[in-house]
Protein chains: 2
Amino acid sequence: MVTDMQSRTSATRTGRPRSAAADAAILEATRAALVELGWSKMTLGDVATRAGVAKTTLYRRWAGKNELVVDAVAVLFDELELPDRGSLAADIEGVVLQFAAILDRPEAKTALMAVVAESTRDEPLRERIRTSIVDRQKRLVLEGRARATARGELPPETDAAAAARTADLIFDVVAGAVVHRTLVSAEPADEEWVHSFTRVLLLGLAGASAQP
Amino acid sequence: MVTDMQSRTSATRTGRPRSAAADAAILEATRAALVELGWSKMTLGDVATRAGVAKTTLYRRWAGKNELVVDAVAVLFDELELPDRGSLAADIEGVVLQFAAILDRPEAKTALMAVVAESTRDEPLRERIRTSIVDRQKRLVLEGRARATARGELPPETDAAAAARTADLIFDVVAGAVVHRTLVSAEPADEEWVHSFTRVLLLGLAGASAQP
DNA sequence: CAGTTACGCTACGACTCGTAGCGAAAGCGT
DNA sequence: ACGCTTTCGCTACGAGTCGTAGCGTAACTG
């Protein structure tokens, strides 16, 4: 979570250890500040005060606002799981509804778009977002396909490269559509919408695999 | 573009008129500053200096950074047109490639995500984005469907409400997928990707209309 | 020429940022 | 118990940005 070379390389650190409670308090205070103030009006000084922590302590652990907010929001995606609803279509609908529920939170709305905007000019930040947020979502695509293949709903993959491209395409379509619906169109990704979207996606994928 | 009640209600304004050249210079300076500095490091004072304009002049015309950047980036979407490539699939591919080309610009990357992030806590800003940017894209979806219907590629719409929902779905899927591919996955939406995406989308829509 | 509005310029208080310095606290090894 | 090391809370600071006020001048209208 926090990038510190020494604490991982040497098993036993000398000196006073960093307070784990402070980490938790800071991240929770960050989410609270995001809810109340949004990204632009949230200040690190305010977060430190809310967490009952000195501002210098915060700067010792995170390089800046971007990194802190990524860590604070990343935990929201821990609850993402692939439910076994019996069919590929039902599984996808379940995951998409979970994803939509997370994006419905005010702290996720304002934080995700902002850090993505910053990441366009900050390659390390983009990597941090990828490993702590995006890859967790992408993993569900691969798991879902594996489960559907085991069920016999999908044929086993023969071309690994083509399979990877298809997984990337699915991921961008699913995540992009939900994000755009929620944040740009500002309309809820409710069950009816998710059902329509899933049907179009699956029919499209079925047709694409039928006529290569 | 600029919200001024008086200049439109009363046809002839008394006093010194606002310099149209200043407007153009400010918007161009804004785009230049976005390219060089990105959203977060761009300051209105710097924009005013680049434009050869006093900072106070800038504040007389725009309420803040958000509104200014929306206006500055909106013109990038003026070049979006619906090319007549002969088939619905080819038309969609053409539009998506245009959209991808705009999103490939650095000023569009950093600005669009940032203002969308701000709009989650600013309803007037979201409305401004919608009317000056989003609706211009959405219109292409409606035009494309009308043209395809005229060609006979699509059946005439019977249920207006269902047709509107479908158009919204298509729009969120197309725009969301391209944005996610470009900004989150950070990989180019090149011809190959657009071709794969368009095929999945059209097959899905065809299948969905076949089995209502 | 009088009236009105926009402009450039300067200056200002308020705020945020990120860092430095200090003494005290909390661990570890001997 | 005693150093050694690192973290902690606190205060203070220069630098930078924000958005506005005031002023004299420029541009356009009747």
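Residues numbered from 1 in each chain as written. Chains lettered and ligands numbered in written order. Predicted model: local features only at pLDDT ≥ 70, side-chain atom pairs only at ≥ 80, totals over all residues. Heavy atoms only, no water.

(A) Here's a closer look at the overall build of chain A. Counting its secondary structure elements, chain A contains ten helices and zero strands. Listing each helix as α and each strand as β along chain A from the N terminus yields α-α-α-α-α-α-α-α-α-α. Over its C-alpha atoms, taken along the principal directions, chain A stretches across nearly 60 × 40 × 35 Å. Taking all contacts inside chain A whose residues are at least 6 apart in sequence as the whole, residues at least 24 apart take part in 64%. (Helix = DSSP H or I, 4+ residues; strand = E, 2+ residues; numbered from the N terminus. Contact = heavy atoms within 4.5 Å.)

(B) Fine view of the relation of the copies chain A and chain B. Once chain A has been moved 0.0 Å along the axis and rotated by 180 degrees, it coincides with chain B to within an RMSD of 0.0 Å. Viewed as a symmetry operation, the transformation between the two copies matches a two-fold axis. The share of interface residues of chain A whose copies in chain B are also at the interface is 100%, consistent with both copies meeting through the same surface. (Least-squares fit on C-alpha atoms with pLDDT ≥ 70 in both.)

(C) How the structure looks around helix α3 (residues 44–51) of chain A. Every buried residue belonging to α3(A) is among L44(A), V47(A), A48(A) and A51(A), and all of these are buried. Looking straight down α3(A), one finds its buried side chains confined to an arc of 100 degrees; they lie on one side. (Buried < 20%, exposed > 50% of the residue type's maximum accessible area, 1.4 Å probe, protein only. Arc of directions from axis to C-beta.)

(D) Structural context of the protein's contact with DNA strand D. DNA strand D sits among 23 residues. The nearest are G15(A), T56(A), T57(A), R61(A) and Y59(B). Taking the atoms of DNA strand D that fall within 4 Å of the protein, sugar and phosphate contribute 62% of them. A54(A) has a polar backbone atom sitting 3.3 Å from a phosphate oxygen of DNA strand D. In this structure, Y59(B) approaches DNA strand D through a side-chain N or O atom, which is 2.7 Å from a phosphate oxygen. The element that contributes the greatest number of residues to the surface near DNA strand D is helix α4 (residues 55–61) of chain A, accounting for four residues. Among the residues forming the surface near DNA strand D, the class breakdown is five nonpolar, ten polar and eight charged. (Near = heavy atom within 4 Å. Polar contact = N/O pair within 3.5 Å; in protein donor to acceptor, adjacent residues only side chain to side chain. Nonpolar A, V, L, I, M, F, W, Y, C, P; charged D, E, K, R; others polar.)

(E) Just the packing of helix α2 (residues 20–41) of chain A against helix α7 (residues 106–119) of chain A, in detail. Residue and element names in this part refer to chain A. Where α2 contacts α7, the axes come no closer than 8 Å and their chain directions differ by 75 degrees. In terms of their interaxial angle, α2 and α7 are classed as roughly perpendicular. Judged by residue contacts, R31, L34, V35, G38 and W39 of α2 engage P106, E107, T110, A111, A114, V115 and E118 from α7. When grouped by side-chain class, the residues that make up the contact of α2 with α7 number seven nonpolar, two polar and three charged. (Axes fitted to C-alpha atoms, helices over the stretch in contact; angles between N-to-C directions. Parallel < 35°, antiparallel > 145°, perpendicular 65-115°, else oblique.)

(F) Representation of the confidence of the model for chain A. Taken as a whole, chain A shows an average pLDDT of 93; of its residues, 94% reach a score of 70 or greater. Of the regions scoring below 50 in pLDDT, residues 1–10 of chain A engages in 13 contacts with residues more than four places distant in sequence or in other chains. (pLDDT = per-residue confidence, 0-100.)

(G) A look at the pattern of salt bridges. Scanning the entire structure with this criterion turns up 38 salt bridges over all chains. Across the salt bridge formed by D23(A) and R61(A), the nearest N and O atoms sit 2.8 Å from each other. Taken together, the residues span a long stretch of sequence, with D23(A) in helix α2 and R61(A) in helix α4 at a distance of 38 residues. Comparing D23(A) with R61(A) shows no difference in burial state: the two are buried. Salt-bridge contacts for E192(B) lead to R165(A); the nearest nitrogen and oxygen are separated by 3.5 Å. (Salt bridge = Lys/Arg side-chain N within 4 Å of Asp/Glu carboxyl O.)

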